[in-house]
Amino acid sequence: MLNQICSLLTATLTCAITASLASAQPKNVIFMIGDGMGPDQVEAARMFNGGPLSFESLPYQGLVTTNAANAAITDSAAAATALATGQKVNNSVISLALPGDGSELTTLLEHYQALGRDTGLVTTTYMTHATPAGFGAHEPSRYNSTQIAGDYLNQTRPNVLFGGGAHGMSVASAQLAGYNVVTDAAGLLALNTNTQTFVSGQFGTTHLPYEVNGLGALPHLSQMTTTALDILDNDPDGFFLMVEGGKIDHAGHSNLLAHNIGETIEFSNTVQAVLDWAGGRNDTLVIVTADHETGGLNVLADNGPGNLPTVSWSSTGHTAANVPVYALGANAYRVTATMDNTDFFDLVTAAGLPGDLNLDGFVGIEDLNFILGNWNLNVAMGDLLLGDPSGDGYVGIEDLNVVLGNWNTGTPPPPGSVVPEPAATIFFLIASLVLLKRRTRSRPT
Ligand SMILES: [Zn+2]
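Remember, predicted model here, so these are calculated numbers, not experimental data.

Concerning the overall build of the protein chain
Part 1 of the argument: A tally of helices and strands in the protein chain yields 16 helices and 13 strands.
Part 2 of the argument: Every one of the 445 residues in the protein chain was classed for burial, and the buried ones make up 50%.

The structure is reproduced here in structure tokens:
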């Protein structure tokens, strides 16, 4: 496709830019799923919390439709497959083209792995449960636990696998596959995260306990996630991490409101830990969403902080209710008010518009700064955040032209994003013109 576009273009410079931008994607992707977390689960937790949850302040938000290929109401396998691969499949199917030819569908985890980046899966369910499996396995049934574990350990090989143990996973099989294994919070927190390459956290022999019941020696989702980030951020190329708050769903099935709220608040704490890591970065995409709603929860009255709200439940299963999405960072602007769960694969992996080096949807001063900050340097070819949109491995006039030639295009980021001082803007614009002039003189054509 790209070659066809290039052959149609007469200007080789434009072609080089197209080629370079085609490979530009968020460096780090943190994909967070509250299993069974519909809008009313968020509202109930917010009321109990006495204020907004961490992810409710993220600048880009919308609602997501969740149906499976063969049913209006999805299960976690079909939903995880849709989120991970962009394809609708039948309920119970784990990232295979069913309906279809049964071939393996490339997941976001595999997509980033193919780009040479580290990957991880973190969950409060047992490790081979449907949601993490959708990102790291390919099986006709979510109940093929042994095969899902085999897919993890021998095929997709995420660098980090943190969740409940057993159900196909064992300490021996993980060690045989070259994984370091930890089995409790103490072991997790004692890891030297600078030297770990493949780590399997097998915490207990099933799902982790509910937050409201206490976790004993086992780690919280926020602890697992913080450790996963500490390990994965050793990769200079970036990483893909999926984090699931898996037991919001279980509490929904049982219509247990306090349990549901406890899981949602720990999920919010986990998002906060991620935001603490990602805050201020311009190369990272954080997505927070759900796979479906569970329980038909309807919040009726706020009874104040620390008190359970008054609610009704209409189901002990999943519902077809739309679920919320919240996003921050590179490509987050591609989140729209109404989305489908198959839209995320393209949203995450999309290249930016020309000149939009930090993938925030707008060409402006922040993009210019990447070029001025690396002016006249040789950098990794096509690295946008090092200021090389022209893709020639050198930061110079060609790169400046890409940004200035597309100046002010796109949609400005919403309020709350980092905006430079007007004085700095003027300074950099003057500086850019001076540099542009000098560069033109020193390179006569
Ligand atoms: Zn469920």
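Next comes the rest of the description.
Comments concerning the nonpolar core
Nonpolar side chains tend to gather and get buried jointly when the protein is soluble and globular.
Part 1 of the argument: Counting 111 residues, the largest nonpolar core has Met-32, Leu-108, Val-160, Ala-228, Leu-241, Ile-287 and Ala-327 as its most contacted members.
Part 2 of the argument: The element contributing the most residues to this core is helix 4 (residues 76-85), with seven residues.
Part 3 of the argument: Counting residues domain by domain, this core receives three or more from each of domain 1 (2-23 + 354-442) and domain 2 (28-349).
Part 4 of the argument: The residues contacting Leu-241, other than those within four sequence positions of it, are Ile-30, Gly-120, Val-122, Ala-228, Leu-229 and Leu-232.

Looking at the packing of helix 10 (residues 221-232) against helix 12 (residues 257-278)
Part 1 of the argument: At a closest axis distance of 8 Å, the pairing of helix 10 and helix 12 adopts a crossing angle of 20 degrees. Our classification of the angle between helix 10 and helix 12 gives roughly parallel. Seen from above, helix 10 lies across helix 12 with right-handed handedness. Only Glu-266, Phe-267, Asn-269, Thr-270, Ala-273, Val-274 and Trp-277 of helix 12 make contact with helix 10, whose side of the interface consists of Leu-221, Ser-222, Thr-225, Thr-226 and Leu-229.
Part 2 of the argument: Considered class by class, the residues forming the contact of helix 10 with helix 12 number six nonpolar, five polar and one charged.

Remarks on the environment of Arg-46
Part 1 of the argument: Within the element layout of this structure, Arg-46 appears in helix 3 (residues 39-49).
Part 2 of the argument: By C-beta crowding, Arg-46 is classed as buried, having 21 other C-beta atoms within 10 Å.
Part 3 of the argument: The sequence separation of Arg-46 and Asp-302 amounts to 256 residues, and the corresponding C-alpha distance is 9.5 Å.
Part 4 of the argument: For Arg-46, the contacting residues outside a window of four places in its chain are Gly-51, Pro-52 and Leu-53.

Describing the environment of Gly-150
Part 1 of the argument: When you line up the elements, Gly-150 lands in helix 7 (residues 145-156).
Part 2 of the argument: Gly-150 sits in the partly exposed class, given 18 other C-beta atoms within 10 Å.
Part 3 of the argument: A sequence separation of 18 residues divides Gly-150 from Gly-168, and the C-alpha atoms of the two residues are 8.0 Å apart.

Considering unusual backbone geometry
Part 1 of the argument: A cis amide bond, omega 5 degrees, links Leu-98 with the succeeding residue Pro-99.
Part 2 of the argument: Within the element layout of this structure, Pro-99 appears in the loop between helix 4 and helix 5 (108-114).
Part 3 of the argument: Unlike most non-glycine residues, Ser-92 shows phi in positive territory, near 80 degrees.
Part 4 of the argument: With respect to the element layout, Ser-92 can be found in the loop between helix 4 and helix 5.

Some remarks on the packing of helix 3 against helix 12
Part 1 of the argument: Contact pair helix 3 / helix 12: the axes reach a minimum separation of 9 Å and the direction vectors enclose 85 degrees. By the angle class used here, helix 3 and helix 12 are roughly perpendicular. Residues Gln-41, Val-42, Ala-44, Ala-45, Phe-48 and Asn-49 of helix 3 pack against Leu-257, Asn-260, Ile-261, Thr-264, Ile-265 and Ser-268 of helix 12.
Part 2 of the argument: Of the residues in the contact of helix 3 with helix 12, the class split is seven nonpolar, five polar and no charged.

Re the environment of Ala-351
Part 1 of the argument: By the element assignment, Ala-351 lies in the loop between helix 13 (344-349) and helix 14 (365-372).
Part 2 of the argument: Expressed as a C-alpha distance, the spacing of Ala-351 and Ala-24, which sit 327 residues apart in the sequence, is 5.0 Å.

A look at helix 15 (residues 397-405)
Part 1 of the argument: Of all the positions in helix 15, only Asp-399, Leu-400, Val-402 and Val-403 are classed as buried. The arc that holds every buried residue of helix 15, seen down its axis, measures 155 degrees, which confines them to one face.

A word on the pairing of strand 6 (residues 199-202)
On a regular strand, each side chain points to the face opposite its neighbour's, so the side chains alternate between the two faces of the sheet.
Part 1 of the argument: Burial of the side chains of strand 6 extends over both faces: Val-199 and Gly-201 are buried on one face and Ser-200 and Gln-202 on the other.
Part 2 of the argument: Inspection of the sheet shows strand 4 (residues 160-164) paired to strand 6 by four bridges, in the parallel sense. Note that in strand 6 the partner of Leu-161 across the bridge is Ser-200.

Topic: the confidence of the model for the protein chain
Part 1 of the argument: On average, residues of the protein chain carry a pLDDT of 90, and 88% of them reach 70 or more.
Part 2 of the argument: This model gives residues 418-424 a pLDDT under 50, and the stretch forms two contacts once residues within four places in sequence are excluded.
Part 3 of the argument: Overall, residues 440-445 carries pLDDT values under 50, and its contacts beyond four positions in sequence, including any with other chains, amount to one contact.

Points about helix 12
Since the α-helix turns once every 3.6 residues, residues separated by three or four places project in the same direction.
Part 1 of the argument: Helix length check: helix 12, at 22 residues, gives a terminal C-alpha distance of 31 Å against a target of 32 Å (1.5 Å per residue), a fit within 8%.
Part 2 of the argument: Remark: Gly-280 follows helix 12 within two positions and exhibits a positive phi of approximately 85 degrees.

Notes on the pairing of strand 7 (residues 239-245)
Part 1 of the argument: Of all seven residues in strand 7, seven are buried; the element is thus mostly enclosed.
Part 2 of the argument: Residues Phe-239, Leu-241, Val-243 and Gly-245 point to one face of strand 7 and Phe-240, Met-242 and Glu-244 to the other, with burial holding for every one of them.
Part 3 of the argument: Taken together, the seven bridges between strand 1 (residues 28-36) and strand 7 define a ladder with parallel strand orientation. Paired with Gly-34 across the two strands is Gly-245, which belongs to strand 7.
Part 4 of the argument: Looking at chain direction, strand 3 (residues 118-126) and strand 7 are connected through six bridges and run parallel. Within the sheet, the bridge partner assigned to Asp-118 lies in strand 7 and is Phe-239.

Conventions adopted
Residues numbered from 1 in each chain as written. Predicted model: local features only at pLDDT ≥ 70, side-chain atom pairs only at ≥ 80, totals over all residues. Helix = DSSP H or I, 4+ residues; strand = E, 2+ residues; numbered from the N terminus. Buried ≥ 20, exposed ≤ 12 C-beta atoms within 10 Å, placed from the backbone. Core = buried A, V, L, I, M, F, W, Y, C linked by C-beta atoms within 7 Å. Domains from an automatic or database assignment. Contact = placed C-beta atoms within 7 Å. Axes fitted to C-alpha atoms, helices over the stretch in contact; angles between N-to-C directions. Parallel < 35°, antiparallel > 145°, perpendicular 65-115°, else oblique. Left-handed = near helix turned anticlockwise from the far one by under 90°. Nonpolar A, V, L, I, M, F, W, Y, C, P; charged D, E, K, R; others polar. Arc of directions from axis to C-beta. Pairing = 2+ DSSP bridges. pLDDT = per-residue confidence, 0-100. Expected span 1.5 Å × (residues − 1).

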